[in-house]
Amino acid sequence: MHIHEYQAKSLFRKFNIQTPEAVLIDSVSQAGDACASLGDGVWVVKAQVHAGGRGKGGGVILCRSIEAVENACTALLGSNLVTPQTDTKGLPINQLLIEGGQNIERELYLGLLVDRQTQKITILASTEGGMDIEKVAAETPDKIIKFGVDPLGVLTENNCASIASKLGLKGNLATQFNTTLLALYEIFTTKDVSLIEINPLITTPENQLLALDGKIDFDDNALYRHEDIIELRDVSQEDEKENEASEYQLNYISLDGTIGCMVNGAGLAMATMDLIEHHGGSPANFLDVGGGTTAERVAKAFELIQSEDNVKGVLVNIFGGIVRCDLIAEGILQAIEKVGLTLPIMVRLEGTNAKQGLALLDQSEFDIATEADLTQAAIKIVELSA
Ligand code: GDP
Ligand code: MN
């Protein structure tokens, strides 16, 4: 689960990580008071969306007058922000964080994540923080300091001091860095975090270390034991269809292509998407209907796929192992009876009761194409959806 920057910073403050003074607003009329309470001079208006790269997408605006702040708020609130990390639709901006502008001396990067290869919580730090950290990691990986914490041990003051020194932090700044890193580690381990990041972590001319940005992702599998975190969920930032799908235990991710896919098993779903691409098409979604699926769930899946505007055709690819193909066929027919058949549909069934399933589809009043061979099925649905 993702949370907003303002929520991450509020958690930071509880753990003694320093952040700039800020006010959260959700209407332009609150902007004037927010600025006044933060003091004169420079303000930064920051769109609260569940995506990074906001600076590059125009979602972080530096303002030198209250009028400029109000203009920025008017432009941002109610619009969608598109960043290098969102799709082309972007994410809705319902809230803005107004911060007192900071004098930035240095922009550092500090993050923690679970490194599956080393099986350790790994600290990443860099002197090259700011908006291009992905570029730094890709082009000059030696500028990223990595430190894996022994899962059976603890993160020590010495570990922190050594990273601070590599970042060129001395004296008071090194002390503040220790506090910050130990706190991040504490949040990470006590809240079942999968990624926590401060980018940039800045130093100011007044020798302050401040978290100018905050990003936290939580491990969904552990959310049940963190009521306080579940409360931070903002469904406006999530894909409505994906949420609807998860209520039916469907693993669904919408994509930009034109061919809707309904497949059982994540691996088979990936292979089906690859095959569509290979034959010149593009998948409109990833959808795993799961192993022990029911006719109702298939009907729901079909409904979801058909409701996406970009879908021009549907490919169903089911390998009946535990699931029976005749049940899948019934589900497809149920869905079509409910929502109608407006798109070309190609069904490939293989495995348990495949014959019965295909017979049900062939005998139905609807025009449903069937194929025994997956490659042929992919080629034909690409043609039918063109
Ligand atoms: P992101 O693009 O989504 O990661 O959003 P950030 O919160 O990191 O903001 C993007 C960039 O805006 C930062 O890297 C800073 O360079 C700049 N920025 C953010 N807040 C301030 C501020 O208070 N003062 C100044 N001068 N720059 C800021
Ligand atoms: Mn950032």
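Quick caveat: nothing in here was measured; it's all calculated off a predicted structure.

Thresholds applied
- Residues numbered from 1 in each chain as written.
- Chains lettered and ligands numbered in written order.
- Predicted model: local features only at pLDDT ≥ 70, side-chain atom pairs only at ≥ 80, totals over all residues.
- Heavy atoms only, no water.
- Pairing = 2+ DSSP bridges.
- Helix = DSSP H or I, 4+ residues; strand = E, 2+ residues; numbered from the N terminus.
- Axes fitted to C-alpha atoms, helices over the stretch in contact; angles between N-to-C directions.
- Contact = heavy atoms within 4.5 Å.
- Near = heavy atom within 4 Å.
- Polar contact = N/O pair within 3.5 Å; in protein donor to acceptor, adjacent residues only side chain to side chain.
- Areas by Shrake-Rupley, 256 points an atom, 1.4 Å probe, with all protein chains shown as cover.
- Nonpolar A, V, L, I, M, F, W, Y, C, P; charged D, E, K, R; others polar.
- Domains from an automatic or database assignment.

Engineer: Mind showing me how you'd approach the pairing of strand S7 (residues 106-115) here?
Structural biologist: Bridge count for S7 against strand S10 (residues 193-203) is seven bridges, and the pairing is antiparallel. Paired with Leu 112 across the strands is Ile 196, a residue of S10. Where S7 and strand S8 (residues 120-126) come together, seven bridges link them in antiparallel fashion. From the neighbouring strand, Leu 113 faces S8, where its bridge partner is Thr 122. Counting the residues between successive antiparallel strands, the hairpin from S7 to S8 contains four residues, one of them, Gln 119, with a positive phi of roughly 55°.

Engineer: Would you mind showing me how to read the sheet that holds strand S3 (residues 60-63) here?
Structural biologist: Within a sheet, adjacent strands bond to each other through the backbone by hydrogen bonds, running parallel or antiparallel. Ordered by their spatial adjacency, four strands build an open sheet running S1-S6-S2-S3, and the pairing between neighbours is antiparallel. In the strand order of this sheet, the two ends are held by strand S1 (22-25) and S3, each with one partner. Neighbour to neighbour, the strand axes of the sheet diverge by 20° on average, direction disregarded. Here helix H1 (residues 5-14) sits on the sheet in contact with S1, strand S2 (43-47) and strand S6 (96-100), set at roughly 50° to S6. Its contacts with the sheet put helix H2 (residues 31-38) on S1, S2 and S6, and the angle it makes with S1 is roughly 170°.

Engineer: Honestly, the site of ligand 1 in this entry has me stumped. Any pointers?
Structural biologist: Ligand 1 sits among 18 residues. The nearest are Lys 46, Arg 54, Gly 55, Glu 107 and Asp 213. Glu 107 is positioned such that a nitrogen or oxygen atom in its side chain is 2.6 Å from an oxygen atom of ligand 1. Expressed as a share of its isolated accessible area of 560 Å², the protein-covered part of ligand 1 is 84%. Elements supplying a minimum of two residues to the shell around ligand 1: S2, S3 and S10. Per-class residue counts for the shell around ligand 1 are seven nonpolar, seven polar and four charged. Both of domain 1 (1-19 + 103-237) and domain 2 (21-101) provide at least three residues apiece to the shell around ligand 1.

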